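Here's the letter readout for the chains.
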Amino acid sequence: MGGGVVVLMGLVLMMPLLVSGGGHDYGKALSKSLLFFEAQRSGVLPSTQRINWRSNSGLHDGKASGVDLVGGYYDAGDNVKFGLPMAFTITMMSWGILEYGKQMAESGELGHALDAVKWGTDYFIKAHPQPYVLYGEVGDGNTDHYCWQRPEDMTTDRRAYRIDPQHPGSDLAAETAAAMAAASMVFRRHNPAYSAELLNHAYQLFDFADKYRGKYDSSITVAQKYYRSISGYADELLWSAAWLYQATNNEYYLDYMGRNGDSMGGTGWAMTEFGWDVKYAGAQVLASKFLMQGKAGRHTAVLERYQQKADYFMCSCLGKSTRNVRRTPGGLLFRQRWNNMQFVTSASFLLTVYSDYLSSSRQRAVRCASGYASPSELLNFAKSQMDYILGDNPRATSYMVGYGSTYPQQVHHRASSIVSIKVNPSFVSCRGGYDMWYNRKASDPNLLEGALVGGPDAYDNFADERDNYEQTEPATYNNAPILGILARLSGGSRGFNQLLPVVLPNPTAPMVNNTGMRSSPRIKPSLPAPVKKTFSPITVEQKATSSWSYKGRTYYRYSVSVTNDSGKTVTDLKLSLAKLYGPIWGLSKSGESYGFPRWLKSLPAGESLEFVYIHAASPIDVGVSGYKLV
């Protein structure tokens, strides 16, 4: 975690790639990347929750302060809710939807993407109970990092921290305003009342940020060690004004960008990074969009200077500037050792949308210090970064958990590294989690599907170890920018105009299962009846929990509970599974039989274990072929 204004140097020639020639399933990667946000949810989980190993958590957040702060997202592998990176996450998810919502709908993922945004904005509405009050953190990193616990077991301090006129935080308030403004456009067609509510919060938060100026980490000092605002708040004010102008067409916000562009650095800072702390490049790209749309008005000359800096950012990523972003030998953009991937995905998103803005405006090239860069060159380079992430790299490993045949197994993430509370409800203590789970040299018991980890070092090296938090910790702001990129790449190169007003299609939310298959929202097969068998003293009950259709076939997700009805502990359990043709999770296979999963050694009296499988038929035959009672 962390970031700041650091300019990097380095030059590597870019190898041209063809957007249409990749071997990756970008649609599948998009589906998985959205699942990660469900694993990061705090609060009361909805009935549509697909990451089933998670449960409710943080149910008393804000109570001690007299405010309801239940909900929102955990930012990374810990259990703190940090407001600044959470707001940036929502802004970037919204931006991706606004640009490539059509492609998301075609992939069947627009509904899931909208749900992901709304989970954040619902929380921000709670966190902004008064015009000049915003809660910016729940919990603190110091006490949280002392413990290794599931979110469901938290015993750490859940104190809430806020900004107000006496304790300002312009960067935090402005970024949250940007998130609310961007999200208001996302929901404008499908939920106009909610959209108007978000926009009202955005107005108030921008006013708060501009009127009471100060860095948020001077007011919420517990954030300094984890999310210090190194760049200050001027970039967030410009970025937020840009989003409010895009959302409202209100000339006040364009005037704000025009009047303050020079003094706040929008026209002066030539950046080689973009992320949760440093927003200049994002504001410069949006200013360039307004210019290309003919919406600059009397501020055309100022917005042209913004665009010069946007061009500089693109050139520096491509290695065609006077100061270039460093790359690994394998071609990955590299800024820092700790969670470098956040900068890769954010930069790749800007390259992607800028490419499409240029193409839509018929502006054919960016002028760089070392020649010109065409829109297709920008997009191809962004694609090369996604392909590296998904497995085209010297280690031939995917840095997205659950994608490809090889991916990180020991993720630095409390919830995924500890057995699900649904499998073993035994309390995991603060320090006991380190002894039992953190130090295990084994794969995580829960698959953190879609999570994008910190990634390799400057030489493409990567150590898949849980205590290697610099490389194996995921974060929401790693994933947020890739939603738009993956949607764009999955949609191909069919003609569209990114400078036209946003009109999102109707969302569909088909179920996406762990095999990556998508269902049709129009087909709702009936579920088979539950099956219950008793093998004294063990009962096996299985039932279908969901279904979908794919290429003319109906698939079912079955959940199987194995219950110990005896008064003793069951060990050495052996199950026989007949007529199983699909994937299975929650058991370990030994020879022709199945036994306890690797994290479970026995089944106490009265306890149950659960496993699931996918099947395009009626339930399989489950039998008990052996066990011991002790």
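- An unreviewed UniProt entry lists the protein under the name Endoglucanase, with Acorus calamus given as the organism.
- Taken verbatim from the UniProt record of the protein, the Subcellular location (unreviewed entry) comment is "Secreted".
- Regarding the protein, the UniProt comment filed under Sequence similarities (unreviewed entry) reads as follows: "Belongs to the glycosyl hydrolase 9 (cellulase E) family."

## With respect to the packing of aromatic side chains
- The tally for this structure, following the rule as stated, stands at 31 aromatic pairs.
- For the pair Phe 206 and Tyr 253, a centre-to-centre distance of 5.4 Å together with 80° between the ring planes defines the contact as edge-to-face. Remark: Tyr 253 occurs in helix 10 (residues 251–260) and Phe 206 occurs in helix 6 (residues 192–211); sequence separation between them is 47 residues. Taken individually, Phe 206 and Tyr 253 each receive the classification buried, so the pair is uniform in this respect.
- Taken together through their ring pairs, the aromatic side chains of Phe 88, Trp 95, Trp 239, Trp 243, Phe 274 and Phe 349 make up a single cluster.
- It is Arg 41 that lies over the ring of Trp 119; its NZ or CZ is 4.7 Å from the centre.
- Directly above the ring of Tyr 459 sits Arg 326, whose terminal nitrogen or CZ lies 5.8 Å from the centroid.

## Some words on the pattern of salt bridges
- In the structure shown here, the tally under the stated rule is 25 salt bridges.
- A salt bridge links Arg 466 to Asp 444, with the nearest nitrogen and oxygen atoms 2.8 Å apart. Here Asp 444 lies in the loop between helix 16 (432–438) and helix 17 (469–472) and Arg 466 lies in the loop between helix 16 and helix 17, a separation of 22 residues in the sequence.
- Its relative accessible area of 8% is what places Asp 444 among the buried residues.

## Section: the state of the cysteines
- On inspection of all chains with the given rule, the structure shows two disulfides.
- Here Cys 147 pairs with Cys 430 through a disulfide, and the sulfurs are 1.9 Å apart. What sets the handedness of the Cys 147 and Cys 430 disulfide is the S-S torsion sign, and at about -85° it is left-handed. You can see Cys 147 sitting in the loop between helix 4 (141–146) and strand 3 (160–163) and its partner Cys 430 sitting in the loop between helix 15 (414–417) and helix 16, a full 283 residues away along the chain. Grouping residues by exposure puts Cys 147 and Cys 430 together as buried.
- There is a disulfide in this structure between Cys 315 and Cys 368, and the S-S distance comes to 1.9 Å. Residues Cys 315 and Cys 368 share a disulfide whose torsion about the S-S bond is about -80°; that sign makes it left-handed. Here the residue Cys 315 occupies a position in helix 12 (residues 300–318), and Cys 368 occupies one in strand 4 (residues 366–368), the gap between them amounting to 53 residues.
- Under the relative-accessibility criterion, Cys 368 is labelled buried at 9%.

## Section: the sheet that holds strand 1 (residues 81–82)
- In spatial order, the strands read 1-2-3; together these three strands make up an open sheet with antiparallel pairing. The sheet is open, and its two borders are formed by strand 1 and strand 3, each paired with just one other strand.
- Relative to strand 2 (residues 134–138), strand 1 is paired through two bridges, and the arrangement is antiparallel. Note on strand 2: the bridge partner recorded for Phe 82 is Glu 137.

Thresholds, definitions, all that
- Residues numbered from 1 in each chain as written.
- Predicted model: local features only at pLDDT ≥ 70, side-chain atom pairs only at ≥ 80, totals over all residues.
- Heavy atoms only, no water.
- UniProt positions renumbered as here; feature names shortened; annotations may be inferred.
- Phe/Tyr/Trp six-rings, centres within 6.5 Å; stacked < 30°, edge-to-face > 60°.
- Helix = DSSP H or I, 4+ residues; strand = E, 2+ residues; numbered from the N terminus.
- Buried < 20%, exposed > 50% of the residue type's maximum accessible area, 1.4 Å probe, protein only.
- Lys NZ or Arg CZ within 6 Å of the ring centre and 35° of its normal.
- Salt bridge = Lys/Arg side-chain N within 4 Å of Asp/Glu carboxyl O.
- Disulfide = S-S within 2.5 Å.
- Pairing = 2+ DSSP bridges.

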